[in-house]
Structure formats: C-alpha cells, structure tokens
Amino acid sequence: MKAAVALLSSLMSGLLAATLALPAAATEAAAPAKPDLAKGEATASGVCVACHSFDGSRGAPANPILAGQHPEYLVKQLTEFKSGKRANPVMQGMAATLATDEDVRNVAAFYAAKSAKAGFATNKATVAQGEKIWRGGIAERKVPACSGCHGPSGAGMPSQYPRLAGQHASYTEAQLLAFRDGTRKNNAQMAGVTAGMTEADIKAVADYVAGLH
C-alpha cells in the first residue's frame, strides 16, 4: 500500500512539474527569432533604396532618414503602413511587399544598425525660437517641451519615441503639420502636442532638430 501511495505521489509530482514548465516552454517557443541583417539588407537594397538611400542616411529631404532609428519605432511604422493606420499611398505599397513580421523586423534592424550622420540647422534667425520650444515648450498654449519625450539631444527612447536628431527639417516639419492638421492619425499624443503650434513654431523646431546630435 505504501509503495502504491509513493508511486502515485511521484507521478503527481512529475505531472505538476511538467504542467508548471509548460508556460515557460511556450514563451520560449514563441520568442521571435533574432533579426537577420543580411535579409534586411536585401530588402533595403531591393525595395527601400530608391527613396531612403541604401544605408538610410541623408537621402531626399522629403523622405525620413532611417539610419540609427530605433528598430521598435521602425517596426511600428511599417506595421501601421501595412494596416493603413498610417496613410501614405507610396509607403503602403512598399510595406505591403514585406510579407511577414520577420521581414519587417529584419529591415528595421538593418537600418537601426547603421550610424546616423550629423545634420545641421540652416535658419540662424529661428534657432533660438526652436531651441526654446524644444527645451521648454510653449506654456501659454499648453505645448509641452519636445525634449521631455525625445530627450535633450533628440536621441528618443526605444519602443516609445523616435530619434529625431539630425532628421531632415523639411520631413520633420511635414510630419508635425500632418499631426496638427489631422492628416497623420497614428499618434494621438502628437496630435495633442502640435495642436497649439503655429506654422512658424513648427518650422523653427524642425530646423533646430536638424542640427541636434
């Protein structure tokens, strides 16, 4: 009798241990594979190069610089282009060629691994105004300081806020206007931030950001 009880106890212990191990095993199995930079490079050179340059550096000012951008942010934007949450006919078509989540992560990791090149502000007359907004916001219009989320140097925060330092001024300006005017709808926080900004404010801060590094 004692032997039977001991055997039953042993079986129950083994079953309990196996059951407890299942969530950990499932989590491990579900973990995404490490991004493949070679595959990301192939996508960049075959799909993205025309607009963003091969390494995502200082291509056409109308298109964003991707080099050194946080991969999490790039994944979010590409995913939202694919779903239509972020509307852009050109990018929706380009993102549609990324068939799987792995494709998206691979190209995002490729561009994130590149070193961002320093940019520069071009309008000396508005640098002080841009810096004031970046560092302190516009209190009377409830515009918060940009540096509160994107950092004093514009480095941003992975998974939350993009790197802006050195970004083309014209691209940053266009995106801020799109948030303010409601044509870019994939970030309610930025719509609120830009609501109290004039076109002159936006132009000044966008030019200031271009010189951050």
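Being a predicted model, the structure only gives us computed values, none of them experimental.

Calculation rules
Residues numbered from 1 in each chain as written. Predicted model: local features only at pLDDT ≥ 70, side-chain atom pairs only at ≥ 80, totals over all residues. Heavy atoms only, no water. Disulfide = S-S within 2.5 Å. Buried < 20%, exposed > 50% of the residue type's maximum accessible area, 1.4 Å probe, protein only. Phe/Tyr/Trp six-rings, centres within 6.5 Å; stacked < 30°, edge-to-face > 60°. Helix = DSSP H or I, 4+ residues; strand = E, 2+ residues; numbered from the N terminus. Core = buried A, V, L, I, M, F, W, Y, C linked by side-chain atoms within 4.5 Å. Contact = heavy atoms within 4.5 Å.

## Regarding the state of the cysteines
Line of reasoning, step 1. For the coordinates displayed, the defined rule picks out 0 disulfides.
Line of reasoning, step 2. Here Cys48 is not cross-linked by a disulfide; its sulfur's nearest cysteine counterpart is in Cys51, at 8.8 Å.
Line of reasoning, step 3. Using a relative accessible area of 17% as the deciding quantity, one classes Cys48 as buried.
Line of reasoning, step 4. Cys149 takes part in no disulfide bond, and the closest cysteine sulfur, belonging to Cys146, lies 8.9 Å away.

## What to know about the packing of aromatic side chains
Line of reasoning, step 1. Across all of its chains, the model carries 3 aromatic pairs by this definition.
Line of reasoning, step 2. Judged by centre distance (5.3 Å) and plane angle (65°), the ring pair of Phe110 and Tyr111 falls under edge-to-face.
Line of reasoning, step 3. Given a relative accessible area of 4%, Phe110 falls into the buried group.
Line of reasoning, step 4. By relative accessible area, Tyr111 is classed as buried at 2%.
Line of reasoning, step 5. Taking 6.5 Å as the distance between ring centres and 55° as the angle between the ring planes, the aromatic pair formed by Trp134 and Tyr208 counts as tilted. On the criterion of sequence distance, the pair formed by Trp134 in helix H6 (residues 127–136) and Tyr208 in helix H10 (residues 199–210) is long-range, its members being 74 residues apart.

## Observations concerning the nonpolar core
Line of reasoning, step 1. Of all hydrophobic cores here, the largest spans 17 residues; its most connected members are Ile133, Trp134, Met197 and Val205.
Line of reasoning, step 2. Residue assignment for this core shows that the elements contributing at least two residues are H6, helix H8 (169–181), helix H9 (188–194) and H10.
Line of reasoning, step 3. Sorting elements by how many residues they give to this core places H10 first, with 4 residues.
Line of reasoning, step 4. Other than its neighbours up to four places away in sequence, Met197 contacts Ile133, Arg141, Val143, Arg180, Ile202 and Val205.
Line of reasoning, step 5. One finds Leu66, Val104, Ala108 and Phe110 within the second-largest nonpolar core, a separate group that totals 14 residues.

## A look at unusual backbone geometry
Line of reasoning, step 1. Residues other than glycine seldom take positive phi values, yet Ser53 does so here, at roughly 70°.
Line of reasoning, step 2. Along the polypeptide, Ser53 turns up in the loop between helix H2 (37–52) and helix H3 (71–83).
Line of reasoning, step 3. Of note in the backbone geometry, Lys142 takes a positive phi value of approximately 60° without being a glycine.
Line of reasoning, step 4. Residue placement: Lys142 occurs in the loop between H6 and helix H7 (147–150).

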